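The residues making up each chain are set out below.
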Amino acid sequence: SWPGFIAPPASNVQGQTTYSVFAEGDSLLHTANFYHDASEDYAQATIDRLLGAGFTSQFTTTTPDGVMAQMVNDTIAVMVIGDASGVTSVTITPI
């Protein structure tokens, strides 16, 4: 299920968020694509919330064009990909 602490961006564009669920064996992979104001650094804010919730970073790559990170805890992995244009993808999968 979707963790409650990963809320949509404050500047989320209503009607533009897409969610998908992919069944992979007995597990479900959840993805949300958020469209938001480019000035809101939603990807980094999500990474910070994950770290604050006890996740550890497996990797983080930051460039002027955006950020990509994979965070894990004991039960799930979360991939966060954000770009400078205001699009952030968050994927959650059980581990």
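Values in this document were obtained by computation on a predicted structure and should not be read as measured data.

Trainee: Would you mind going over the layout of surface pockets in detail, with residue names and values included?
Mentor: Roughly 190 Å³ of internal volume is contained in the largest pocket. As for the largest pocket, its lining consists of 16 residues, of which Asp41, Gly66, Val67, Asp83 and Ala84 are closest to the centre. A total of 3 residues in the lining of the largest pocket trace back to one element, the largest contributor, which is helix α1 (residues 42-52). Looking at the lining of the largest pocket residue by residue, the classes come out as 6 nonpolar, 7 polar and 3 charged.

Trainee: Just give me the short version of the side chain of histidine 30, but keep the residues and values in it.
Mentor: Here histidine 30 is to be found in strand β2 (residues 27-35). When its relative accessible area of 15% is taken as the criterion, histidine 30 is described as buried.

Trainee: Which residues make up the nonpolar core, and what are the values?
Mentor: Generally speaking, soluble globular proteins have nonpolar side chains that are buried together. One finds Ile6, Leu50, Val78 and Val90 to be the most contacted residues of the largest nonpolar core, which totals 16 residues. Elements supplying a minimum of two residues to this core: β2, α1, β4 (66-72), β5 (76-83) and β6 (87-94). It is α1 that provides the largest number of residues to this core, a total of 4 residues. Setting aside residues no more than four positions away along its own chain, valine 78 makes contact with Ile6, Leu50, Phe55, Ala69, Gln70, Met71, Val90, Thr91 and Ile92.

Trainee: Let's hear about the environment of glycine 66: which residues, and what values?
Mentor: Tracing the chain through its elements places glycine 66 in strand β4. It is 8.3 Å that separates the C-alpha atoms of glycine 66 and alanine 43, two residues lying 23 residues apart in sequence. Residues contacting glycine 66, with those up to four places away along its chain left out, are Thr61, Gly82, Asp83 and Ala84.

Trainee: Can you explain the sheet that holds strand β3 (residues 56-63)? Please cite residues and give values.
Mentor: In any sheet, the strands associate via hydrogen bonds between backbone groups, in a parallel or an antiparallel arrangement. The sheet built from 6 strands is open, its strands ordered β1-β2-β6-β5-β4-β3 with antiparallel pairing. Edge positions in the open sheet fall to β1 (18-24) and β3, since each of these has one partner strand only. Sheet twist, expressed as the average angle between the axes of neighbouring strands with direction ignored, equals 10°. α1 contacts β2, β3, β4, β5 and β6 of the sheet and is inclined by roughly 20° relative to β4.

Procedures and definitions
Residues numbered from 1 in each chain as written. Predicted model: local features only at pLDDT ≥ 70, side-chain atom pairs only at ≥ 80, totals over all residues. Heavy atoms only, no water. 1 Å grid on protein atoms, 1.4 Å probe; cavity = no way out; pocket = protein on both sides within 12 Å on 5 of 7 lines; lining within 4 Å. Points joined across faces, edges and corners; volume = space filled by probe spheres on them. Helix = DSSP H or I, 4+ residues; strand = E, 2+ residues; numbered from the N terminus. Nonpolar A, V, L, I, M, F, W, Y, C, P; charged D, E, K, R; others polar. Buried < 20%, exposed > 50% of the residue type's maximum accessible area, 1.4 Å probe, protein only. Core = buried A, V, L, I, M, F, W, Y, C linked by side-chain atoms within 4.5 Å. Contact = heavy atoms within 4.5 Å. Pairing = 2+ DSSP bridges. Axes fitted to C-alpha atoms, helices over the stretch in contact; angles between N-to-C directions.

What is shown is where atoms sit, not what they do.
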